[in-house]
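So you can see what is in the structure, the chains are spelled out below.
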Amino acid sequence: MKVLVVGSGGREHTLVWKISQSRKVKEIHAAPGNAGICKGATCVSISPTDIEGLVQYAASNNIDLTVVGPEAPLAEGIVDRFEREGLRIFGPTKKAAEIESSKIFAKNLMKKYGIPTAEFEVFKDPEKAIDYVKEMGGPIVVKADGLAAGKGAIPCKNEWEAIRAIKKIMVDKAFGDAGKRIVVEEFMEGEEASILAFTDGENILPLEPSQDHKRAYDGDRGPNTGGMGAYSPAPVVDKVLQGTIFDEILAPAVRAMKEEGREYRGILYAGLMITKDGPKVVEFNCRFGDPETQAVLPRLMTDIIRPIEATIDGDLDKVKLRWRRSAAVCVVMASEGYPGKYQKGFPITGIEEAEAMGDLYVFHAGTKIDEKGDLVTAGGRVLGVTALGRDIPDAIKRAYEGVSKIHFEGAFYRRDIGYRALEHLGLKYPPVG
Ligand code: AMP
Ligand code: GLY
C-alpha cells in the first residue's frame, strides 16, 4: 500500500514514523514534509491547502490512502474532494470538520445535545459583546468563531482585558474573517486533558489520554503556543473519568453529528477541562493533536493502519488498540523568541546521540536541509523529543537527557513538562532517583 501524509509538523513526522511500521505499507509520501519526514518518505512540495494539487498527486502516483494532519485542508473540504475522485482518505468531511472550524457551531451543538461545556453567548456586534462582558465581569474567555492557528481563544482576567480582546478580534480583525463573530464564555477552573478517539460515525475507539502544555514558559506562564510538550498517560484522567468522558462527551458528540447529517469519521479530539463538576469541553478538534500525537503514538503497539482503515470502512468495532505500559513524555525544543519573532537557519546537532539512548524518538517540526546539506532550524517549534520510560518520572528524566544531547543556537524549551502528572503522583519537579 502507498500512503500519503499531508502536513509538515511533529504530528506528521510521528504519523509517518508509525505508519512506516505497518507491514501493509510499502511506500510513504508526504506533502510537504520536513527534514525528518523526508528521511523516511518521498516528499513533494505541495501545500496542505492546495487541494487540487494533492488530488492530482494522489491520483497520478497511485496513492492508496491519504492521511491528513492539519485542520485547514479538512475545513476546506479535502476529504469531500478526494472522495468525489474515488480516492481513499482519512478524516472528516467539510461539514463534519466544522466541529473545529466554527466554535459557534460546536458550542450550539453541545448546548442542543446536553454535552457539558462552558456557558456562552455568541456576538456579531462588538458593542453588544462589550456590554455583556461589562455585565459579567472577569475572568471570562473571548474566542474568534473561525480557525486562528490556535490563537483565537483569549482568556481574560477582567472586563478590561475582555474589552481589549473583543476589539482585537472584531475591530482590528486580528484573525480576519475568523473573528466576524465571537463566542464569549465562562472561564472554567481545572486541569486540562486531551482525549483523542477514532470514530467511524457509529463506533468510537479512544486513544490513551494525554496532556498538552500550551503556555510558552515554565509554570504555565507566558503566551499560548501550539504546544510546548505533552505526556501520556495523563493521571488526571483515571479509568472512571475515561468512562464518564466516553458516555457524556464522546458518544453524545458522535451521535449528535450523525443526527445533524454530518456523520463524523476520523479522529475526534476533545480538549477538556476537568472541573470540580466533572469534565467539560473546552473545544473539539477534527484531527490528531500536536504535540499530543508525539506522546501518544509511541505508546501504541497496534498497527495504526488497522484503525485508520476501519474508520473509513465503518467497522471500527472489530479493532482493539494495544498499548505499551510505558509512559511517554515529549519535550518540544523551539527557537528562541517563539511564539513571537525568531531567527531560522541554525545548524542542529546531536540527534543521533539522543536517539542512540533507545526508546527515544526525535520528531522534526520546523527543520530543513540547507544548501550546504546541513540540518538547520526552519520554524518556531523545531523538534519534539519523546522518551518512553517505565513511568512518567522515568520518561521525564529520559526525555531531558535526550534534549541535553541536542544543540542549536537559541534552543528554548520548558523545563517542567509533566509537572502536573508528578503532582498527581505526589512528587515534585524535577523527578529524582
Ligand atoms: P481553544 O482554542 O478553545 O482550545 O483555547 C485555547 C486555550 O485557552 C485552552 O487550551 C485553554 O487553556 C484556554 N481556554 C479556552 N477556553 C477556556 C475556558 N472556557 N476556560 C478556561 N480556559 C479556557
Ligand atoms: N495541542 C493542541 C492542538 O493540537 O490543537
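Residues numbered from 1 in each chain as written. Chains lettered and ligands numbered in written order. Predicted model: local features only at pLDDT ≥ 70, side-chain atom pairs only at ≥ 80, totals over all residues. Heavy atoms only, no water.

Student: Break down the packing of helix 8 (residues 126-136) against helix 9 (residues 159-171) for me, citing the residues and quoting the values.
Tutor: Contact geometry of helix 8 with helix 9 gives a least axis separation of 9 Å together with a crossing angle of 165 degrees. Comparing their axes, helix 9 and helix 8 come out roughly antiparallel. In this structure, the crossing between helix 8 and helix 9 has a hand that is right-handed. The residues of helix 9 that touch helix 8, namely those facing Pro126, Ala129, Ile130, Val133 and Lys134, are Glu159, Ala162, Ile163, Ile166, Lys167, Met170 and Val171. Across the contact of helix 8 with helix 9, the residue classes tally to nine nonpolar, no polar and three charged. (Axes fitted to C-alpha atoms, helices over the stretch in contact; angles between N-to-C directions. Helix = DSSP H or I, 4+ residues; strand = E, 2+ residues; numbered from the N terminus. Parallel < 35°, antiparallel > 145°, perpendicular 65-115°, else oblique. Left-handed = near helix turned anticlockwise from the far one by under 90°. Contact = heavy atoms within 4.5 Å. Nonpolar A, V, L, I, M, F, W, Y, C, P; charged D, E, K, R; others polar.)

Student: Tell me about helix 12 (residues 305-313), and please be specific about residues and values.
Tutor: Of all nine residues in helix 12, seven are buried; the element is thus mostly enclosed. Among all positions of helix 12, only Ile305, Pro307, Ile308, Glu309, Ala310, Thr311 and Ile312 are buried. Phi turns positive, to about 80 degrees, at Gly314, one or two residues after helix 12. (Buried < 20%, exposed > 50% of the residue type's maximum accessible area, 1.4 Å probe, protein only.)

Student: Before we move on, can you summarise the environment of Met301 with the specific residues and values?
Tutor: Structurally, the position occupied by Met301 is in the loop between helix 11 (292-296) and helix 12. Given a relative accessible area of 40%, Met301 falls into the partly exposed group. In this structure the C-alpha to C-alpha distance between Met301 and Lys18, which are 283 residues apart in sequence, comes to 9.6 Å. Setting aside residues no more than four positions away along its own chain, Met301 makes contact with Lys18, Arg322, Trp323 and Arg324.

Student: Let's hear about the site of ligand 1: which residues, and what values?
Tutor: Ligand 1 sits among 14 residues. The nearest are Glu185, Glu186, Met188, Glu192 and Glu283. Taking Lys103, its side chain carries an N or O atom lying 3.3 Å from an oxygen atom of ligand 1. Expressed as a share of its isolated accessible area of 470 Å², the protein-covered part of ligand 1 is 93%. The set of elements that each furnish at least two residues to the shell around ligand 1 consists of strand 7 (140-144), strand 9 (182-186) and strand 17 (278-285). Here the residues of the shell around ligand 1 sort into seven nonpolar, no polar and seven charged. (Near = heavy atom within 4 Å. Polar contact = N/O pair within 3.5 Å; in protein donor to acceptor, adjacent residues only side chain to side chain. Areas by Shrake-Rupley, 256 points an atom, 1.4 Å probe, with all protein chains shown as cover.)

Student: Hey, could you go over the side chain of Gln211 for me, with residue numbers and the actual values?
Tutor: Among the structural elements, Gln211 can be located in strand 12 (residues 211-212). Within the structure, Gln211 has its side chain in polar contact with the backbone oxygen of Glu192 (distance 2.6 Å). Among all residues touching Gln211, those that are not within four sequence positions of it are Glu191, Glu192, Gly229, Ala230, Tyr231, Ala234, Val236 and Arg420.

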